[in-house]
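# Inside the fold
Below are the chains, spelled out letter by letter.
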Amino acid sequence: MMRDSRYDVLFEPVRIGPVTAPNRFYQVPHASGMTNALPRVRAGFRGAKAEGGWGVICTGACSIDPTSDDAPLPMATMWDKNDIRAHALMTDAVHRHGSLAGVELWHGGASVMNRASRLPPLSPSGIPWMATHIGFMGNLRPKSMDKSDIRDVLRWQAEGARKARTAGFDIVYVYAGMGYLGYEFLLPEYNKRTDEYGGGIENRIRFVKEMLDVTRDAVGKDCGVALRVSLEELRGRAGTHQASEAHELIELLSDHADLFDVKMDSSPTDCSASRFTGEGSHEPVIDFVKKMTDKPVVGVGRFTSPDTMVSQIRRGVLDFIGGARPSIADPFLPNKVREGRLEEIRECIGCNICISSWHDSVPVRCTQNPTAGEEWRRGWHPERVEPAKKREKVLVVGGGPAGLECALTSARAGHEVTLADAGKAWGGRLTFEKTLPGLAAWNRVVDYRLGRLNDMTNVSMYLESALGVDEIIDLAPDHVVLATGARWTRMLYSSMEIPVGQLDHPEVYTPDDIAAGRLPQGPTLVFDFDNYYYGGVLTEHLAVQGIPVSYVTPAGQASAWTIMTNELPLVHKALARRNVSVTTLQMLTDFDGETATLTHLFNGEQTQVSCRSVLIVGLRLPRTELRDALEARRADLEAAGIKSITTIGDGLAPGAITHAVHSGHKAARELGLGQSRKLYLRDTPITDCEPGFEHAEAAE
Ligand code: ADP
Ligand code: SF4
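For the protein chain, an unreviewed UniProt entry supplies the name FAD-dependent oxidoreductase and the organism Rhizobium setariae. Under Sequence similarities (unreviewed entry), UniProt gives the following word-for-word description of the protein chain: "In the N-terminal section; belongs to the NADH:flavin oxidoreductase/NADH oxidase family."

Before going further, it helps to spend a moment on the overall build of the protein chain. Helix and strand counts for the protein chain stand at 26 helices and 30 strands. For 700 residues, the compact-globule formula gives about 27 Å, and the C-alpha radius of gyration of the protein chain, at 27 Å, lands near that figure. Across its three principal directions, the C-alpha atoms of the protein chain cover 75 × 65 × 50 Å. A buried classification covers 60% of the 700 residues belonging to the protein chain. At a minimum sequence separation of 6, the contacts of the protein chain that also span at least 24 residues come to 72%. Looking at charge distribution, the protein chain has the averaged site of its 77 positive side-chain charges lying 2 Å from that of its 89 negative ones.

Quick look at the site of ligand 2 now. Ligand 2 sits among 14 residues. The nearest are C348, C351, N352, C354 and C366. When each cavity is represented as a set of grid points, ligand 2 is found to reside in the second largest cavity. Taken together, the elements giving at least two residues each to the shell around ligand 2 come down to α13 (325–329) and α15 (353–359). The leading source of residues in the shell around ligand 2 is α13, at 3 residues.

A word on the pattern of salt bridges. Applying the stated criterion to the full structure yields 50 salt bridges. Linking E51 and R384 is a salt bridge whose minimum nitrogen-to-oxygen distance equals 3.6 Å. A residue pair is termed long-range when its members are at least 10 positions apart, and E51 in helix α1 (residues 39–51) and R384 in the loop between α15 and β14 (393–397) qualify at 333 residues. Between R429 and E433 there is a salt bridge whose closest N-O contact spans 3.1 Å. The same class applies to R429 as to E433, namely buried. Connected through salt bridges with shared partners, the residues K147, R193, D195 and E196 form a single ionic network.

This next bit is on the UniProt feature "domain: NADH:flavin oxidoreductase/NADH oxidase N-terminal" (unreviewed entry) in the protein chain. Mapped onto this numbering, the UniProt entry gives "domain: NADH:flavin oxidoreductase/NADH oxidase N-terminal" (unreviewed entry) at residues 10–342. Taken as a whole, residues 10–342 contains 35% helix and 17% strand, while its terminal C-alpha atoms sit 14 Å from one another.

Let us look at helix α6 (residues 206–219). With 14 residues, α6 should reach 20 Å at 1.5 Å per residue; the first-to-last C-alpha distance of 20 Å fits that figure. For α6, the complete set of buried residues consists of F207, V208, M211, L212, T215, A218 and V219. Projection of α6 onto a plane perpendicular to its axis shows the buried side chains occupying an angular sector of 140°, all on one side. Considering only its buried residues, α6 is in contact with α3 (147–167), β9 (171–176), α4 (181–186), α5 (201–204), β10 (224–230) and α8 (245–253).

The next thing to look at is the UniProt feature "domain: FAD/NAD(P)-binding" (unreviewed entry) in the protein chain. Listed under "domain: FAD/NAD(P)-binding" (unreviewed entry) in the UniProt record, and renumbered for this structure, are residues 393–493. Annotated as residues 393–493, this span is 34% helix and 24% strand, and its ends, taken at the C-alpha atoms, are 44 Å apart.

Domain assignment breaks the protein chain into domain 1 (5–378 + 690–696), domain 2 (393–485 + 625–669) and domain 3 (488–621). Using only C-alpha atoms to locate each centre, domain 1 and domain 3 end up separated by 39 Å. Between domain 1 and domain 3, the contact holds 15 residues from the first and 15 residues from the second. For domain 1, the biggest contributors to the area lost against domain 3 are P268, R275 and F276; these three give 45% of the whole. Counting every contact that joins domain 1 to domain 3 gives 1 salt bridge. For R275, the salt bridge goes to E540, with nearest N and O atoms at 3.2 Å. Linking domain 1 with domain 3 are 6 residue pairs in polar contact (both at pLDDT 80 or more).

Attention shifts here to the site of ligand 1. The full set close to ligand 1 counts 20 residues, and A402, D421, R429, L467 and D650 are the nearest of them. A distance of 3.0 Å separates a nitrogen atom of ligand 1 from a polar backbone atom of A422. Here ligand 1 has 580 Å² of accessible area as a free molecule, and 87% of this is covered by the chains. Residue classes in the shell around ligand 1 are distributed as 9 nonpolar, 8 polar and 3 charged.

So, on to helix α12 (residues 306–314). Those residues of α12 that fall on the buried side of the exposure criterion are P306, M309, V310, Q312 and I313. Down the axis, α12 shows its buried residues gathered within 155° of arc, on one side only. Where the residues of α12 are buried, they touch β3 (25–27), α10 (283–286), β13 (320–323) and α14 (333–338). Backbone geometry just downstream of α12 places G316 in the positive-phi region, at approximately 75°.

Turning next to empty space enclosed by the protein. One simple way to see leftover space: roll a probe sized like a water molecule over the atoms. For the coordinates displayed, the defined rule picks out 5 cavities of 30 Å³ or more. Considering only enclosed or pocket space, the largest cavity measures out at about 90 Å³ in volume. Around the largest cavity, the lining is made up of 18 residues, and of these R346, P382, E405, R412 and H665 lie nearest the centre. Residue assignment for the lining of the largest cavity shows that the elements contributing at least two residues are α16 (401–412), α18 (444–454) and α25 (657–669). The biggest single contributor to the lining of the largest cavity is α16, with 4 residues. Its residues assigned to classes, the lining of the largest cavity shows 5 nonpolar, 6 polar and 7 charged. Two domains each put at least three residues into the lining of the largest cavity: domain 1 (5–378 + 690–696) and domain 2 (393–485 + 625–669). Taken as a whole, the second largest cavity encloses approximately 80 Å³ of empty space. Considering the residues around the second largest cavity, the lining is formed by R325, I328, C348, I349, G350, C351, N352, C354, R365, C366, T367 and Q368.

So, on to the environment of H479. Following the sequence through the fold, H479 ends up in strand β17 (residues 479–482). In this structure H479 comes out as buried when scored by relative accessible area, which is 3%. It is 8.4 Å that separates the C-alpha atoms of H479 and V396, two residues lying 83 residues apart in sequence. Residue contacts for H479: discarding those within four places in its chain leaves E392, K393, V394, L395, K643, S644, L671 and G672. Separated by 2.8 Å, the side chains of H479 and E392 make a polar contact.

This brings us to the nonpolar core. Ranked by internal contacts, the top residues of the largest apolar core, which has 79 residues, are L10, V153, L227, L231, L249, F260 and V289. When sequence neighbours within four positions are dropped, the list of residues in contact with L10 reads N23, R24, F25, P306, M309, V310, I313, I321 and V337. Formed by 55 residues, the second largest nonpolar core is a distinct cluster that contains V481, Y532, A667 and A668.

Quick notes on the rules
Residues numbered from 1 in each chain as written. Chains lettered and ligands numbered in written order. Predicted model: local features only at pLDDT ≥ 70, side-chain atom pairs only at ≥ 80, totals over all residues. Heavy atoms only, no water. UniProt positions renumbered as here; feature names shortened; annotations may be inferred. Helix = DSSP H or I, 4+ residues; strand = E, 2+ residues; numbered from the N terminus. Rg over C-alpha atoms; globule rule 2.2 N^0.38 Å. Buried < 20%, exposed > 50% of the residue type's maximum accessible area, 1.4 Å probe, protein only. Contact = heavy atoms within 4.5 Å. Lys, Arg positive; Asp, Glu negative; His and termini not counted. Charge placed at Lys NZ, Arg CZ, Asp CG, Glu CD. Near = heavy atom within 4 Å. 1 Å grid on protein atoms, 1.4 Å probe; cavity = no way out; pocket = protein on both sides within 12 Å on 5 of 7 lines; lining within 4 Å. Sits in = over half its atoms within 2 Å of the grid points. Salt bridge = Lys/Arg side-chain N within 4 Å of Asp/Glu carboxyl O. Expected span 1.5 Å × (residues − 1). Arc of directions from axis to C-beta. Domains from an automatic or database assignment. Buried area = accessible area lost by both parts, 1.4 Å probe. Polar contact = N/O pair within 3.5 Å; in protein donor to acceptor, adjacent residues only side chain to side chain. Areas by Shrake-Rupley, 256 points an atom, 1.4 Å probe, with all protein chains shown as cover. Nonpolar A, V, L, I, M, F, W, Y, C, P; charged D, E, K, R; others polar. Points joined across faces, edges and corners; volume = space filled by probe spheres on them. Core = buried A, V, L, I, M, F, W, Y, C linked by side-chain atoms within 4.5 Å.

The structure is reproduced here in structure tokens:
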């Protein structure tokens, strides 16, 4: 299919200093969690995006020196020759498809704790970053940089840039965003210096300007020099000659950078979840940048619609369509636009599980794209599935995220697939969850898969078809995949975190009751120890229905785990907006229909709360009835020619949607392999060269 000519502008080449990007699709730097310890995994992950048409592919933050050490959070390094070789695998993978490779050289300043290197963190004036996230907290405060420290950082940046060029990078970054060292120089609250680096904006930008200049001197003939800068705070501060200090910064640095990569200041605003923020949310902050410079500008906004992308270019907001999450969810997004296959775009749902992977210090996971991070180690291509050696009949029972993904991937392998679900609509848990406040975009998981399945001739799909053992035997498939999901329980735990049995009362509800349309009567207490989004969003849902609702959790925060997905501050805001009281560190220990008894997690003190109903969002267990019934009829199944029964998704191990999708994909790729399936390949760091930190030597 040919693309619509209105998208042609997205495929124009754009110059970045001495190099030229083949199109306007720009994968901005984003954490992959892969580090230099997994160089082949990383090259496979980034290379897939180049194959899918992204014109520029960047690394995540890449430390220029051990004084910038974010451990245990995953980070890349550009310290020695082994690092150069590790990165070269990625640049080769990117160049193989004609794309440019960019490196986000980075110094974390006061925001890192240097836990591994044990060196003092550096900062303009000794002011620490205030961390509210446990993974970021530390107890080492930064030293104030003297002039020789500044000279050192400039030298490390120049050496890092030369190493990056040796590794094959085409674009080299200076990073002045998100609380890191360059950013700390920009803000007077961090920068109290009385020398030429502190004071007015022209002094506060001096360090960043010098970082750009040393980078240009080192590699500017061969590589584009990019500045990544956070503008949210500065945009809110009046300038002396221009509308804001952000305007002045761009004007003052315009001749020093070949490209401006502009973003927000904190992770929750920069990379906000779709539950709270829509596509293109950065525009009000960064819309002025192009007016202040003739250099190309890249920005993000979870862009998945090509019309929005074209609008950003035509309206003069951006030159490059930056993508981090959209490129993870669909590495082939640009090629699908190029080839007029828009309906095949696997749109990011904005759940931020990818970000949580970084916070968890593991390689990136994606809800929409189960192949992310699996390209090299499992050999999973994001678009292609190896054809099955033998076309077989596959019956998938359950059409939630796991079943839909399994059916689609099995069908792509060429099998004859039957998909059945007891419900009236496809989507399993999402048929209800998509109706909850802010979660509509999550249904893209269903829409994408249904759309593709509907296009296939080797798939038969049946709704309102609850299957039992007899129906399955009648269908006599070669393989049965059970994707029958999980159910919520009324189980409670003790303060020792030991299950203490069910809380049984007619007015005790579970999320399954709410999904089935059974609403609690009167004031309701939501007790949440699931800790992810569901307790919080169901509380919002009840409040929207006009039910007086309070929220109680044994954790220290409402929806505590959402700190990992950047949602936590916004969950609290949403609950406050709906006048929901939030009580933390309490266990629910009893309920008699009129009063709930709460017990303090640590001191055992009891509190009585008047309420008519309780909703427990706690433990979920797999639905195993069908599997158990099938197990009991093994001989009949064998007689019917059924060779395998596989359980996937929540029916196997209840989890987030990302777990279900990955489980469904894996089962389809491994269909019929039985015990012969292989362990994934285990990557190893590159250690060919003697380790050492001789910056100058490694930088030629
Ligand atoms: P997952 O997240 O693992 O995909 P879901 O709970 O979202 O799980 O989906 C499970 C689906 O399985 C539901 O749509 C449910 O209607 C369906 N299901 C459960 N048992 C049966 C059955 N015996 N026959 C057909 N469909 C079933
Ligand atoms: Fe988008 Fe969620 Fe995938 Fe991240 S994990 S890229 S937010 S779909």
